[in-house]
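Topology and contacts: notes
Below are the chains, spelled out letter by letter.
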Amino acid sequence: MTEQDELHRLRTELDTLDGTLLDTLRRRIDCGVRIARYKSQHDVPMMQPGRVNLVKARAIRYAADHGLDETFLVSLYDTIITEMCRVEDLVISRRALTPEDRR
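What comes next concerns the included structure.

Rules of the game
- Residues numbered from 1 in each chain as written.
- Predicted model: local features only at pLDDT ≥ 70, side-chain atom pairs only at ≥ 80, totals over all residues.
- Heavy atoms only, no water.
- Helix = DSSP H or I, 4+ residues; strand = E, 2+ residues; numbered from the N terminus.
- Rg over C-alpha atoms; globule rule 2.2 N^0.38 Å.
- Buried < 20%, exposed > 50% of the residue type's maximum accessible area, 1.4 Å probe, protein only.
- Areas by Shrake-Rupley, 256 points an atom, 1.4 Å probe, with all protein chains shown as cover.
- Expected span 1.5 Å × (residues − 1).
- Contact = heavy atoms within 4.5 Å.
- Disulfide = S-S within 2.5 Å.
- Polar contact = N/O pair within 3.5 Å; in protein donor to acceptor, adjacent residues only side chain to side chain.
- Core = buried A, V, L, I, M, F, W, Y, C linked by side-chain atoms within 4.5 Å.

In this section: the overall build of the protein. From N to C terminus, the protein includes three helices and zero strands. Going residue by residue from the N terminus, the α and β elements of the protein occur as α-α-α. Expected size for 103 residues packed as a compact globule is a radius of gyration near 13 Å; at 18 Å, the protein overshoots this value by more than 25%. In terms of overall dimensions, the protein has a C-alpha envelope of 60 × 35 × 15 Å along the principal axes. Classification of the 103 residues of the protein by burial places 20% in the buried group. A total accessible area of about 7900 Å² is found for the protein, and carbon and sulfur atoms account for 57% of it.

Here you go:
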């Protein structure tokens, strides 16, 4: 196997992992839509600071346990949580969630 073959194999592996990551994010957003519907039906406030703190604390523990950068994972979750709040707000306000809304 040449160096270029190895690089191609590694990039193919990375592309597969990216597909898994993106599919997981889509499934997470879909789960958030279901959570937002539940919150709307049961008059639960959209923002749950305790839950946000729990998710970030879990990311920090994961970083420590797996040798990853804590700041990176917290920043990543800040972005994910911001998007989840945007999506939940759309659902709770009873706006139709279209593919454009997910952008």
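As a further point, take helix H1 (residues 3-41). Here H1 contains 39 residues, and its C-alpha end-to-end distance of 57 Å stays within 8% of the 57 Å for a straight helix at 1.5 Å per residue. Among all positions of H1, only Ile29, Gly32, Val33, Ala36, Lys39 and Ser40 are buried. Contacts made by the buried residues of H1 are with helix H3 (70-92). Among the residues trailing H1, Asp43 stands out with phi positive, at a value near 50°.

The next subject is unusual backbone geometry. Despite not being glycine, Asp43 shows a phi value in the positive range, around 50°. With respect to the helices and strands, Asp43 occurs in the loop between H1 and helix H2 (49-66). Residue classification places Asp43 among the exposed residues on the basis of a relative accessible area of 70%.

Each disulfide consists of one covalent bond between the sulfur atoms belonging to two cysteines. The tally for this structure, following the rule as stated, stands at zero disulfides. With no disulfide partner, Cys31 has as its closest neighbouring cysteine sulfur the one in Cys85, 14 Å distant. Residue Cys31 is classed as partly exposed on the basis of its relative accessible area, which comes to 32%. On the basis of relative accessibility, which here comes to 18%, the residue Cys85 falls in the buried class.

Turning next to the side chain of Lys39. Note that Lys39 resides in helix H1. In this structure Lys39 comes out as buried when scored by relative accessible area, which is 10%. Engagement of the side chain of Lys39 in a polar contact is seen with the backbone oxygen of Met46, the distance being 2.8 Å. Those residues in contact with Lys39 that sit more than four places away from it in its chain are Val44, Pro45, Met46, Gln48, Glu88 and Ile92.

What follows covers the nonpolar core. Ranked by size, the top nonpolar core spans seven residues in total: Ile29, Val33, Ala36, Ile80, Met84, Val87 and Val91. Those elements giving two or more residues to this core turn out to be H1 and H3. Among the elements that line this core, the one with the most residues is H3, at four residues. Contact partners of Met84, with chain neighbours within four places excluded, come to Arg28, Ile29 and Gly32.

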